[in-house]
Amino acid sequence: MTFPSLEKLNKALLLGALVALIYRVSNFCNTFLPKPFELVLALVALITLFEIIKNRNRISEFWFSVPKTVRIASILLVGSVLFGWVFAIFILGIPVSPNSILEFGTFGISLLSFILIIIHTHNDTAQARRYFYALILPVCYGIVIIFPAIAYYFGLVPFDNFAGWTLNVNTVAKTLLLPAIFFVAKSLFENQNQWRKFTYISLSAITIALIFWTASRGGILSLSIGVFVAWIIFIARDFNWRKIFSSAGIIFCIFFFGFILTPRVGMKALLGRFSTHSVPEAVYSFFRGDLSSVAGASSLAIKNKNFAVPGSVCDIAKSLPDVYSRAAHPEPETRLKIWPFYLRHSFSTPSGIGPNTHLQFDLTDKNGNYVVTGPHNTYIQVLFWGGFSGITAFLIIIFLALKRMRERVRTEFTSITIALFSVLIALSVSIMFDDSLSFYWFFIILGLSFRI
């Protein structure tokens, strides 16, 4: 009996880890148990380390399998965050909290996923595609569109919004972007078999209905941009008017039936999310630069910790005497006020302050809902963590991935290359609305962008 090599075993385990990403229920802070993905990924990392110890020649093999610029940018990103954290501890006097350690830990897992994907798909495009196919597994949620009772039976709808096995509507909306855009691209390319084309269109509509059910505005916006990019790329090759109108008709039908298939409770939640009157006021405040009405959650958190750090974000908290009354009654839409709030702090500490954006506090809004701190924007999050050098490194990695996928689309005009390129763009937009340094899917897609 022959056993598979460690490399083949690692590739198989990594595939299993990606499949396990669909289950994200439970919280490490409460259970102290890592989820299936983290467990399998840790095993992959240990086997990789064992391979290096067993054969020192593999060090250079693994090292040079990662593109040089990506290596430099990744090291700069981690180094910037660590420097900012050290600066926050020893200069600003911000103590280390368990939550900041967990935040940095999940960021480390994201970056580890990115590196392992690049390493274990080196010169193996077929394996890279298998990994991408594993990420479209959330399409299986589509069964609840046909039988909504299943969603309630398995607790996939904790409130009115679909959350899947993530318990977070924004997270599940972003994961659903992958199968939605993939099947839209397949629908555009399939012309040989009409039944297969109908299947792709149906799966696209069902997955989009799930995204509508989440009522995630960031998810819906990212979906629209991703599908638009896929459509533009598709019609640009062999341009003709018939192709434009037929493909546009297909996409219109997909979105139309996706909207129709959205369950009634999801439709109600969706329309409720888009009918808020606070958005125009928030936009006005954003361009006016009025930060006095910011929810101030993070400042309140720091103030509750009694930090007294001159020139740091703590001074901002002290400069807002009415932060308690304002924070206790925030308006429904706060992102466009939170963003400039965190940007102001970032500019005051250009070296960053590490993973200190989410501190423990007890605060409810006027509806009794828990208010979550954080910049709610990954780009601002990276700027806040690692300063200007950190955000520069992060943007370089994304730019290199986009550049490489643009070249791939030119050389290999297929549904999967267009889908991956469009997904990468959609996720790059979606992470503008959440703190996504722990959103593993994005970093995995980044890694696959250098291999497919």
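Definitions and limits used
- Residues numbered from 1 in each chain as written.
- Predicted model: local features only at pLDDT ≥ 70, side-chain atom pairs only at ≥ 80, totals over all residues.
- Heavy atoms only, no water.
- Helix = DSSP H or I, 4+ residues; strand = E, 2+ residues; numbered from the N terminus.
- Buried < 20%, exposed > 50% of the residue type's maximum accessible area, 1.4 Å probe, protein only.
- Contact = heavy atoms within 4.5 Å.
- Areas by Shrake-Rupley, 256 points an atom, 1.4 Å probe, with all protein chains shown as cover.
- Phe/Tyr/Trp six-rings, centres within 6.5 Å; stacked < 30°, edge-to-face > 60°.
- Core = buried A, V, L, I, M, F, W, Y, C linked by side-chain atoms within 4.5 Å.
- Salt bridge = Lys/Arg side-chain N within 4 Å of Asp/Glu carboxyl O.
- Polar contact = N/O pair within 3.5 Å; in protein donor to acceptor, adjacent residues only side chain to side chain.
- Expected span 1.5 Å × (residues − 1).
- Patch = residues over 30% accessible without salt bridge, like charges linked within 9 Å, V, L, I, M, F, W, Y side chains within 5 Å.

Asker: How would you summarise the overall build of the protein chain if you had to cite specific residues and measurements?
Answerer: The number of helices and strands found in the protein chain is 22 helices and zero strands. Within the protein chain, the fraction of its 452 residues that count as buried is 54%. The long-range share in the protein chain, meaning contacts at least 24 apart out of those at least 6 apart in sequence, stands at 77%. In the form shown here, the protein chain has an accessible surface area of approximately 20700 Å², with 67% of it arising from carbon and sulfur atoms.

Asker: Describe the packing of aromatic side chains, listing the residues and the values that go with them.
Answerer: Counted under the stated rule, the structure contains 30 aromatic pairs. With centroids separated by 5.9 Å and ring planes inclined at 70°, the aromatic side chains of F132 and F182 adopt a geometry described as edge-to-face. Of the two residues, F132 is situated in helix α7 (residues 125-135) and F182 in helix α10 (residues 169-189); the sequence distance between them amounts to 50 residues. F182 shares its class with F132; the two are buried. Ring plane angle 50° and centroid distance 6.3 Å describe the contact between F394 and F442, whose orientation is recorded as tilted.

Asker: So what about the nonpolar core? Which residues, and what values?
Answerer: One finds F162, F394, F442, I445 and L448 to be the most contacted residues of the largest nonpolar core, which totals 116 residues. No other element matches helix α20 (residues 378-411), which puts 15 residues into this core. If near-sequence neighbours (up to four positions away) are discounted, F394 is found in contact with L77, T378, Y379, V382, I431, L437, F442 and F443.

Asker: Can you break down the pattern of salt bridges residue by residue, with the values?
Answerer: Applying the stated criterion across every chain yields a total of 10 salt bridges. Among the salt bridges present, the one from E7 reaches K11, with a minimum N-O distance of 3.8 Å. With a gap of four residues between them, E7 and K11 both fall in helix α1 (residues 6-20), about one helical turn apart. Given the relative accessible area of 34%, E7 is considered partly exposed. A relative accessible area of 13% places K11 in the buried class. Here E7 and R58 are joined by a salt bridge, their closest N and O atoms 3.8 Å apart.

Asker: Explain the side chain of N377 residue by residue, including any values.
Answerer: Summarising the element assignment, N377 is placed in the loop between α19 (335-348) and α20. Using a relative accessible area of 6% as the deciding quantity, one classes N377 as buried. Within the structure, N377 has its side chain in polar contact with the backbone nitrogen of Y379 (distance 2.9 Å). Sequence-distant contacts of N377, that is, excluding residues within four places in its chain, are made with W339, I431, M432, D434 and D435.

Asker: Quick one: what's the story with helix α12 (residues 217-236), residue by residue and with numbers?
Answerer: Here α12 contains 20 residues, and its C-alpha end-to-end distance of 28 Å stays within 8% of the 28 Å for a straight helix at 1.5 Å per residue. Summarising burial for α12: 14 of the 20 residues are buried, a large majority. One or two residues past the end of α12 sits D238, with phi positive at roughly 55°.

Asker: If you had to explain α1 to someone new, which residues and values would you point to?
Answerer: Spanning 15 residues, α1 covers 21 Å between terminal C-alpha atoms, matching the ideal 21 Å at 1.5 Å per step. Along α1, the residues classified as buried are N10, K11, L14, A17, L18 and A20. Lining the buried residues of α1 we find α3 (36-54), α6 (98-120), α7 and α22 (440-449).

Asker: Describe the side chain of S110, with residues and values.
Answerer: Position of S110 relative to the elements: it lies in helix α6. A polar atom in the side chain of S110 sits 2.7 Å from the backbone oxygen of L437. In contact with S110, not counting residues within four places along its chain, are L437, S438, F439, Y440 and F443.

Asker: So, a nonpolar patch on the surface: which residues are in play, and what are the values?
Answerer: On the surface, F252, F256, F257, F259, I260, L261 and L271 cluster together to form a nonpolar patch covering roughly 690 Å² of accessible area. Ranked by residues supplied to the nonpolar patch, first place goes to helix α13 (residues 241-261) with six residues. Tracing the backbone through its elements, the reader meets L271 in helix α14 (residues 264-273).

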